[in-house]
Amino acid sequence: MLRMASSFPEEVLEHVFSFIYDDKDRNAISMVCKSWYEIERWCRRRIFVGNCYAVSPPMVIRRFPEVRSVELKGKPHFADFNLVPEGWGGYVYPWIAAMATAYPWLEEIRLKRMVVTDEALELIAKSFKNFKVLVLSSCEGFSTDGLAAIAANCRNLKELDLRESEVDDLSGHWLSHFPDSYTSLVSLNISCLGSEVSFSALERLVGRCPNLRTLRLNRAVPLDRLANILCRAPQLVELGTGTYSAELQPDVFSSLAGAFSGCKELRSLSGFWDAVPGYLPAIYPICPSLTSLNLSYATIQSTDLTKLVSQCQSLQRLWVLDYIEDIGLEALAAFCKDLRELRVFPSEPFAQEPNVSLTEQGLVSVSEGCPKLHSVLYFCRQMTNDALATIARNRPNMTRFRLCIIEPRAPDYITLQPLDDGFGAIVEHCKDLQRLSMAGLLTDRVFEHIGNHAKKLEMLSVAFAGDSDLGLHHVLSGCENLRKLEIRDCPFGDKALLVNAAKLETMRSLWMSSCSVSFGACKLLGQKIPRLNVEVMDERGPPGSRPESCPVEKLYIYRTVAGPRFDMPGFVWTMDEDSALRLS
Amino acid sequence: MACVLGGADGDLNYEETELCLGLPGGGKSEVETTTPKAPGKRGFAETVDLKLNLQGKDAVMDLNDNIKNASKDKNHLPAATVKDPAKPPAKAQVVGWPPVRCYRKNIMAQKNTSEVGEKASGNSAAFVKVCMDGAPYLRKVDLKMYKSYQELSDALAKMFSSFTMGNYGAQGMIDFMNGSKLMDLLNSSEYVPTYEDKDGDWMLVGDVPWEMFVESCKRLRIMKGSEAIGLAPRAMEKCKSRT
């Protein structure tokens, strides 16, 4: 067997491996034998690091010397909701600096929840001659100056996607830094930017890039300029409009409608800020071919929304505000039989009383009418166990189910019971469930259901739930495929965590805030399991200045082969062997 | 050194693990189904109360509120939901809840505060950094989320639990007209909110109408009253220039 492996020419193996893209498959290949490990590592072109602190740049570079594409994720997911304080970490600069020398032929960088500086962007712009793709998802720390450097220097840039990043918007002038000779743009997403870019520069850019297929504009692009832009890019597949509001003028409307009709390849629409119903009919001609529609910034009411979605028979993904109401969701269920993903966001998340008629019934309707629905994010104000059970029975193919009831600990509003059984039904019927966020009044029982049934679950989000450590224990001991667990405001303490400590090394990360995990337990975990970083965040000062039994404010535990990090701010303490000695 | 970390059979068999916390009173081997109330540990409900008590008892986010709202016709309500009619209108909000991204919150806030025909301006949010003397965390608030100084005050109080702002007069401004009241505040050990305006000057929060404040505030700093005393002369001047 060994002889056969060694007599097979390397080039042949390398050629075979070049057809394998998936990370898991690549990892499996590299474990077959030493020579396969060697061959594989030299030809791996793409790496994904789910937690930038799980490994260090030199380690990655040492193992994979010929990488062309890097994807990194930084802050924990709860950073999206302001639970991770400013300055926590997730800096990309050390990675860029290391890769600048090691990977001169790097083509793609994709970052999520990382701190990116202008220096980092400038370094990218000058270090990678064949740079093609930059995706900054929910990143922060950079300004439009950094973007100007990218625009000016990256001659082969194909994709610049700033989705939902927080950019220090100094001016819109950066866009004009794309030279006139630059024509390779394929995808541009500037929807998060506040300031106006030069419209003529934008139009010229769009006009000279024949391969442009994705264009997501920002709010500052007025509606009356949209037609001109569309006419220069009739090949567009994905479009994000700017503000979708203007005085109703027939000529503006007709040129807009004409421009849309000319875009025969258009399949995805987004934007629609400040949308006025009067201009919606401009997109009716292309509705039947739309597969993705993001109306989550469109403040249009249910009548207009219903009319719109009823024409989108090919729709696969819909993001919308709760203005759609139950009635709109019924229409969705009736007309959009190909729907795979639904996200309903709250229009007034902080209002005490419901402002729209969106209830559990809307989701039940969609679960009945849309056989391919497998991914749901739903904000509402009431729920019942029956509704959840119905949804579960209707859609055993559900893979992502995220429910948020605006009021924490809301019970079944009819029976006043906890929603344990409802979510129990979800995990029981939906055997391929990968991601779950729960809501409402929940006891330890729901965690028992999860531990017993949710065998494919990879990510779980829990808030204001449970009664005791038993709840956490059920999840940690039962969910075999759990990778990410994030918990806030639950009465979970030390016991479950310590007893299931080994489990933590099989997961990417665990976040617990406003729970009851003591400093002593954190120290113990940090000391006993060297390949875990146990980070404690506490605003009250060093945890060692309080009794060991005192609970910590926030806890973030992640597996790593890189040891404790050194870029922590003053309010983060790492519980490793050395620091434990220092703190005691 | 035996290191049995976690029972492989899934039992919470505490005694067999080497990891012992030495809970006060000796470690028990079975997991209690109720949250252990060890001294020094704050029970969960207490934690929540601690954070929200700043508003006064009535404003504590009634965790039973949902039951009350949901079952309007039912009579068996938990006793704790007696609502004081004088309760402030803004509901006490928990940090990061509901889990709506800042990005989305901006849009809704803009929609609620914008007037008809208002041009979509550059930045739809007004995020400013807030630091408080002595607090290690820096925070960011979106000023457009609030409609008055009182709302901002409430929000800051929640974020910085040891912080209480001075009294605001009827118009939601510190009583700048009354010089001696102002001096009292600045001489006290209470915290005083200050802000850096567009010109780079540090001012006391509350000396201009709310909307003007939102437009001109670049950064907030919460300092002890006695330290803010240097800002008093400017505030005094503004008093005089207005009368």
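As recorded by an unreviewed UniProt entry, chain B carries the name Auxin-responsive protein and is attributed to Hevea brasiliensis. If you open the UniProt record of chain B and go to Sequence similarities (unreviewed entry), you find "Belongs to the Aux/IAA family." Quoted verbatim from the Subcellular location (unreviewed entry) heading of the UniProt record, the comment on chain B is "Nucleus".

Chain A appears in an unreviewed UniProt entry as F-box domain-containing protein from Hevea brasiliensis.

Draft legend 1. Focus on the nonpolar core. Ranked by size, the top nonpolar core spans 210 residues in total, and within it W174(A), Y244(A), F260(A), L318(A), F401(A) and I450(A) carry the most contacts. Residues in contact with I450(A), not counting those within four places in the same chain, are V427(A), L436(A), M438(A), L457(A), L460(A), V475(A) and C479(A).

Draft legend 2. Molecular detail of the pattern of salt bridges. One pass over the structure, following the stated rule, counts 33 salt bridges over all chains. With its nearest N and O atoms 2.3 Å apart, the salt bridge here joins E164(A) to R101(B). Of this pair, E164(A) sits in the loop between β6 (159-161) and β7 (166-168) while R101(B) sits in the loop between α2 (65-70) and α3 (102-113), on two different chains. With relative accessibility at 24%, the residue E164(A) sits in the partly exposed group. Between R531(A) and E505(A) there is a salt bridge whose closest N-O contact spans 3.1 Å. Of the two residues, R531(A) is situated in the loop between α21 (519-528) and β21 (532-537) and E505(A) in the loop between α20 (501-504) and β20 (509-513); the sequence distance between them amounts to 26 residues. Residue classification places E505(A) among the partly exposed positions, given a relative accessible area of 27%. Several salt bridges share partner residues, and in doing so they unite D80(A), R113(A), E164(A) and R101(B) into one network.

Draft legend 3. Local environment of a nonpolar patch on the surface. All names here are of chain A. Taken together, the side chains of F8, V12 and V16 make up a nonpolar region of the molecular surface, amounting to roughly 240 Å² of accessible area. Topologically, F8 is positioned in the loop between α1 (2-7) and α2 (10-17). With a relative accessible area of 45%, F8 lands in the partly exposed category.

Draft legend 4. Seen up close, the environment of C52(A). All names here are of chain A. By the secondary structure assignment, C52 is in the loop between β1 (46-49) and α5 (57-63). Along the primary structure C52 and L305 are separated by 253 residues, whereas in three dimensions their C-alpha atoms are 41 Å apart. In this structure, C52 is in contact with K73, G74, G90, W95 and M114, ignoring residues within four places of it in sequence.

Draft legend 5. Structural detail: the pairing of β20(A). Residue and element names in this part refer to chain A. For β20, the tally of buried residues reaches 5 of 5 residues, placing the bulk of the element in the interior. Going residue by residue along β20, you find S509, W511 and S513 tucked away on one face and L510 and M512 tucked away on the opposite face as well. As paired strands, strand β19 (residues 484-488) and β20 are joined by 5 bridges and run parallel to one another. Paired with I487 across the strands is M512, a residue of β20. Where β20 meets strand β22 (residues 554-559), 5 bridges bridge the pair, whose relative direction is antiparallel. Paired with S509 across the strands is Y558, a residue of β22.

Draft legend 6. Representation of the pairing of strand β3 (residues 191-197) of chain B. Residues and elements named next belong to chain B. The buried count for β3 comes to 7 of 7 residues, which makes it a mostly enclosed element. Residues Y191, P193, Y195 and D197 point to one face of β3 and V192, T194 and E196 to the other, with burial holding for every one of them. In this structure, β3 lies alongside strand β5 (residues 217-224), joined through 7 bridges in antiparallel fashion. Note that in β5 the partner of P193 across the bridge is I222. Alignment of β3 against strand β4 (residues 202-204), held across 3 bridges, turns out to be antiparallel. In the strand pairing of β4, Y195 is matched with M203. Taken together, β3 and the strand that follows it, β4, pair antiparallel across an intervening segment of 4 residues, in which G200 is found at a positive phi of about 85°.

Draft legend 7. Expanded view of unusual backbone geometry. Omega for the peptide link from W97(B) to P98(B) comes to -10°, which places this bond in the cis form. One non-glycine residue, R113(A), lies in positive phi territory at about 50°. For R113(A), the location among the structural elements is in the loop between β3 (108-112) and α7 (118-127). You will see that R409(A), though not glycine, has its phi angle at about 60°, which is positive. Summarising the element assignment, R409(A) is placed in the loop between β16 (400-405) and α16 (420-429). The buried category is assigned to R409(A), whose relative accessible area is 14%.

Draft legend 8. Region of interest: the sheet that holds β5(B). Residue and element names in this part refer to chain B. Read across the open sheet, the 5 strands follow the order β2-β1-β5-β3-β4; overall the sheet is mixed. Both outer strands of the open sheet, β2 (139-142) and β4, are each paired with one neighbouring strand and no more. Taking each pair of neighbouring strands and ignoring which way they run, the sheet shows an average axis angle of 30°.

How each quantity is defined
- Residues numbered from 1 in each chain as written.
- Chains lettered and ligands numbered in written order.
- Predicted model: local features only at pLDDT ≥ 70, side-chain atom pairs only at ≥ 80, totals over all residues.
- Heavy atoms only, no water.
- UniProt positions renumbered as here; feature names shortened; annotations may be inferred.
- Core = buried A, V, L, I, M, F, W, Y, C linked by side-chain atoms within 4.5 Å.
- Buried < 20%, exposed > 50% of the residue type's maximum accessible area, 1.4 Å probe, protein only.
- Contact = heavy atoms within 4.5 Å.
- Salt bridge = Lys/Arg side-chain N within 4 Å of Asp/Glu carboxyl O.
- Helix = DSSP H or I, 4+ residues; strand = E, 2+ residues; numbered from the N terminus.
- Patch = residues over 30% accessible without salt bridge, like charges linked within 9 Å, V, L, I, M, F, W, Y side chains within 5 Å.
- Areas by Shrake-Rupley, 256 points an atom, 1.4 Å probe, with all protein chains shown as cover.
- Pairing = 2+ DSSP bridges.
- Axes fitted to C-alpha atoms, helices over the stretch in contact; angles between N-to-C directions.

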